[in-house]
Amino acid sequence: MSAFIVVEGLEGAGKSSVIGALVKHLEAHQLSVITTREPGGTPMAEAIRECVKQNWDEEKVTQQTELLLMYAARSQLVENVIKPALKAGKWVVGDRHDLSSVAYQGGGRGVSLATLSTLRQMTLGDFCPDFTLYLDIEPELGLSRARGRGELDRIEQAGLAFFQRARETYQSEIAKLHNAVTIDASEDINTVQANALSALGGFLADKGLHT
Ligand code: Z5A
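If you're wondering where the values come from, they're calculated on a predicted model, not measured in any experiment. (Residues numbered from 1 in each chain as written. Predicted model: local features only at pLDDT ≥ 70, side-chain atom pairs only at ≥ 80, totals over all residues. Heavy atoms only, no water.)

A. Highlighting the side chain of serine 2. Within the secondary structure layout, serine 2 lies in the segment before strand S1 (4–9). Since its relative accessible area comes to 19%, serine 2 is described here as buried. Separated by 3.1 Å, the side chain of serine 2 and the backbone oxygen of leucine 86 make a polar contact. Non-local contacts of serine 2, meaning those with residues more than four positions away in its chain, are made with Leu86, Gly89, Lys90, Trp91 and Lys207. (Helix = DSSP H or I, 4+ residues; strand = E, 2+ residues; numbered from the N terminus. Buried < 20%, exposed > 50% of the residue type's maximum accessible area, 1.4 Å probe, protein only. Polar contact = N/O pair within 3.5 Å; in protein donor to acceptor, adjacent residues only side chain to side chain. Contact = heavy atoms within 4.5 Å.)

B. Structural detail: the pattern of salt bridges. Overall, the coordinates contain 11 salt bridges when judged by the stated rule. Among the ionic pairs, arginine 109 bridges to glutamate 66, the shortest N-O distance being 2.8 Å. With arginine 109 in the loop between helix H4 (98–108) and helix H5 (113–124) and glutamate 66 in helix H3 (residues 63–87), the pair connects residues that are 43 residues apart, well separated along the chain. Judged by relative accessible area, arginine 109 falls into the partly exposed class, the value being 25%. (Salt bridge = Lys/Arg side-chain N within 4 Å of Asp/Glu carboxyl O.)

C. Broad picture of the layout of surface pockets. Looking at the largest pocket, its volume works out to about 780 Å³. Considering the residues around the largest pocket, the lining is formed by 36 residues, among which Glu11, Lys15, Arg49, Arg96 and Arg149 are closest to the centre. Mapped by element, the contributors of at least two residues to the lining of the largest pocket are helix H1 (15–28), helix H2 (43–53), H3, H4, helix H6 (139–147) and helix H8 (189–206). Looking at the lining of the largest pocket element by element, the count peaks at 4 residues for H4. Counted by class, the lining of the largest pocket contains 11 nonpolar, 8 polar and 17 charged residues. (1 Å grid on protein atoms, 1.4 Å probe; cavity = no way out; pocket = protein on both sides within 12 Å on 5 of 7 lines; lining within 4 Å. Points joined across faces, edges and corners; volume = space filled by probe spheres on them. Nonpolar A, V, L, I, M, F, W, Y, C, P; charged D, E, K, R; others polar.)

D. Representation of the site of the ligand in the model. Taken together, 29 residues lie around the ligand, and Glu11, Lys15, Lys53, Ser101 and Arg149 are the ones closest in. In this structure, arginine 49 approaches the ligand through a side-chain N or O atom, which is 2.9 Å from an oxygen atom. Glutamine 105 is positioned with one of its side-chain polar atoms (N or O) 2.8 Å from a nitrogen atom of the ligand. For the ligand, the accessible surface in isolation is 1100 Å², of which the surrounding protein chains cover 82%. When atom positions are compared with the pocket grids, the ligand is found to occupy the largest pocket. Listing elements by their share of the shell around the ligand, those giving two or more residues are H1, H2, H3, H4 and H6. A total of 4 residues in the shell around the ligand trace back to one element, the largest contributor, which is H4. Tallied by class, residues from the shell around the ligand come to 10 nonpolar, 7 polar and 12 charged. (Near = heavy atom within 4 Å. Areas by Shrake-Rupley, 256 points an atom, 1.4 Å probe, with all protein chains shown as cover. Sits in = over half its atoms within 2 Å of the grid points.)

E. Structural view of the environment of leucine 69. Tracing the backbone through its elements, the reader meets leucine 69 in helix H3. Remark: the alpha-carbon pair of leucine 69 and isoleucine 48, spanning 21 residues in sequence, is separated by 6.6 Å.

F. Representation of the packing of H6 against helix H7 (residues 160–174) within the structure. Contact pair H6 / H7: the axes reach a minimum separation of 10 Å and the direction vectors enclose 115°. Considering how the two elements wind past one another, H6 and H7 form a crossing that is right-handed. Between H6 and H7, the contacting residues are Pro139, Glu140 and Leu143 on the first element and Leu160, Phe163, Gln164 and Arg167 on the second. Broken down by class, the residue content of the contact of H6 with H7 amounts to 4 nonpolar, 1 polar and 2 charged. (Axes fitted to C-alpha atoms, helices over the stretch in contact; angles between N-to-C directions. Left-handed = near helix turned anticlockwise from the far one by under 90°.)

G. Local environment of H7. In this model H7 runs 21 Å from its N-terminal to its C-terminal C-alpha over 15 residues, within 8% of the 21 Å that 1.5 Å per residue would give. Turning to H7, its buried residues number three or more, namely Phe162, Phe163, Ala166, Thr169, Tyr170, Glu173 and Ile174. End-on, the buried residues of H7 take up no more than an arc of 120°, which puts them together on one face. Where H7 is buried, its residues touch S1, H4, H5, strand S4 (131–136), H6 and strand S5 (180–184). (Expected span 1.5 Å × (residues − 1). Arc of directions from axis to C-beta.)

Following this line, the structure appears as C-alpha cells:
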C-alpha cells in the first residue's frame with residue numbers, strides 16, 4: 001500500500017515542520033517514505049526551480065513562462081520520482097503540488113482555470129494526491145515568518161494582494177476536495193503539528209491503517 005500526501009499553503013505556513021512530523025509518524029509505523037518539493041525534486045526540476053525563483057533584472061518573466069516552468073518541473077518529478085516510488089510501495093509526502101499552481105498562477109497571477117485545467121490534463125492526466133493537508137495562514141503572518149530568512153526571491157517579492165488572492169483560491173479549491181483537510185496554521189507550531197497528525201490519522205484510518 002502506498003499514498004501520495006501533499007502539504008500546501010502560503011510561505012511561512014509551516015509546511016516544512018509539518019512534513020517532518022508526518023514523515024516521523026509514518027516511519028514509526030514501518031512505512032517507507034520519501035519527500036518531494038515543488039518546483040524541484042529531480043536534477044532538471046531543481047534547475048527549473050532556480051530559474052523560476054531567480055530575479056531576472058529588466059527581463060520580464062511572463063505569467064505563461066512561469067506557468068509552463070512549474071508544469072515542466074512537475075512533469076519531471078511525477079514521472080521520474082513520484083510514480084516510481086508509489087509503484088514500489090513507498091509513501092510520498094510532497095511539499096506543494098498542483099494546487100500551488102492553481103493558487104499562485106491561477107489566483108495570484110490571474111491565469112484562467114480553463115488554461116490550468118488543460119495543462120494539468122496534458123501533464124498529469126488523472127494523477128492527483130490521495131490526501132492534501134492545507135495549512136491556512138494570513139499572508140501577513142506567513143510572510144513575516146518567512147522573511148526572517150533574509151533576501152526575498154522573485155515570487156516572494158509579489159505584493160500582499162497577490163498572496164491574498166492565492167489564499168482565497170486555496171480556500172475555495174480546498175472546499176471542493178473530498179480528500180483534503182484545512183489546518184489553522186496561525187496557531188503555535190506544536191498545535192499545528194498535532195492537528196496535522198490527527199488529520200493524517202483520519203486518512204490512515206480511512207485506508208484501514210490504524211496507527
Ligand atoms: N510556486 C508557484 O508559484 N507555483 C507552483 O506551482 C509551485 C510553487 C509548486 C516555492 O518556494 C515557491 O514557488 C513559492 C510558491 C511558488 N513561492 N512563493 N512565494 P519555496 O518552496 O522556497 O517556498 P515555500 O514553499 O513557500 O517555503 P517556506 O516559506 O519555507 O514555507 P513553509 O515550509 O510553509 O514554512 P517553514 O519553513 O516550515 O516555516 C518558515 C518559518 O516559520 C520557520 O522559521 C519556522 O520555524 C517558522 N514557523 C513555522 N510554523 C510556525 C508556527 N506555527 N509558529 C511560529 N513560527 C512558525
